[in-house]
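# Observations on the model geometry
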Amino acid sequence: MFKDILVNIPVGSSSPAAVGLAISLARTFDAHLTGLAFAYEMVIPGSMFDSVSASVIETYHEQAEKAGKDAIATFEAAVKGSGVSVDTRLLEGSVNGAGELFAQAARHFDIAVVGQGEPDQDATEDLLIEAALFGAGRPIHPSGRAQARPRDGVLGRPQELSARDRRRAAAARQSQG
């Protein structure tokens, strides 16, 4: 059913539930798993742009890249020993632009798994879900905050979201069972 699965690798304090679900899906369907992490660009308001030095921007960029690489290392450790074929990618982009990049990547996979963001935290993952849902045209499986890490053979809630074009009216929730 699924041969190529994309998962957003959480960077920072985001929930790793999506990674566990994606590994479980890949193992169940003998699919290839691709993990995608983002190194987010610094957001500088226009009124402050002149007062931010290049060294501050460079330091932030280095920290964001390191956080992305650390997230990939954590992902690879989680996959190790699972028997799943895997590769990873690190992309750079703005918080808003990352959603579009994820949606473009998701177009080339059978399904994309994205974790929901934590309440009272940044909305990065929620933006990825929205962008993928309305921009990818492929099935998207959001892994909920409350969803426990999947046990072997247990894929979590049997639902996925899919939309076929960028119009909100095109979105449909498909429930099984």
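Rules of the game
- Residues numbered from 1 in each chain as written.
- Predicted model: local features only at pLDDT ≥ 70, side-chain atom pairs only at ≥ 80, totals over all residues.
- Heavy atoms only, no water.
- Buried < 20%, exposed > 50% of the residue type's maximum accessible area, 1.4 Å probe, protein only.
- Helix = DSSP H or I, 4+ residues; strand = E, 2+ residues; numbered from the N terminus.
- Pairing = 2+ DSSP bridges.
- Contact = heavy atoms within 4.5 Å.
- Salt bridge = Lys/Arg side-chain N within 4 Å of Asp/Glu carboxyl O.
- pLDDT = per-residue confidence, 0-100.
- Phe/Tyr/Trp six-rings, centres within 6.5 Å; stacked < 30°, edge-to-face > 60°.

## Looking at the pairing of strand β5 (residues 140–143)
Burial along β5 is two-sided: the face carrying I140 and P142 and the face carrying H141 and S143 are both buried. Note: strand β4 (residues 111–115) against β5, 4 bridges, orientation parallel. Bridge pairing in β5 links V113 to H141.

## Considerations on the environment of I72
Checked against the element boundaries, I72 lands in helix α2 (residues 54–79). Expressed as a C-alpha distance, the spacing of I72 and I9, which sit 63 residues apart in the sequence, is 6.9 Å. Excluding anything up to four places from it in sequence, I72 contacts I9, A37, T88, R89 and L90.

## Some points on unusual backbone geometry
Non-glycine residue D30 carries a positive phi angle of around 50°. Its place among the elements puts D30 in the loop between α1 (17–29) and β2 (32–40). On the accessibility criterion, D30 (63% relative accessible area) is exposed.

## Points about the pattern of salt bridges
Overall, the coordinates contain 5 salt bridges when judged by the stated rule. Linking D70 and K66 is a salt bridge whose minimum nitrogen-to-oxygen distance equals 2.8 Å. Here K66 and D70 lie together in helix α2, a separation of 4 residues that amounts to about one turn. By relative accessible area, D70 is classed as partly exposed at 38%.

## Points about the confidence of the model for the protein
With 72% of its residues at a pLDDT of at least 70, the protein reaches an overall mean of 77. The least confident element of the protein is strand β7 (residues 172–175), whose mean pLDDT is 38; the most confident is strand β1 (residues 4–8), at 93. The low-confidence segment residues 156–162 (pLDDT under 50) makes 31 contacts with residues lying over four places distant or belonging to another chain.

## Focus: the packing of aromatic side chains
Inspection of every chain in the model, using the stated rule, returns 2 aromatic pairs. Here F2 and F29 contribute two aromatic rings whose centre-to-centre distance is 5.1 Å and whose plane-to-plane angle is 85°, an arrangement assigned as edge-to-face. Of this pair, F2 sits in the segment before β1 while F29 sits in helix α1, and the two are 27 residues apart along the sequence. Owing to a relative accessible area of 22%, F29 belongs among the partly exposed residues under this scheme. Both rings, one in F38 and one in Y40, keep their centres 5.9 Å apart while their planes meet at 25°; by these two values the pair is stacked.

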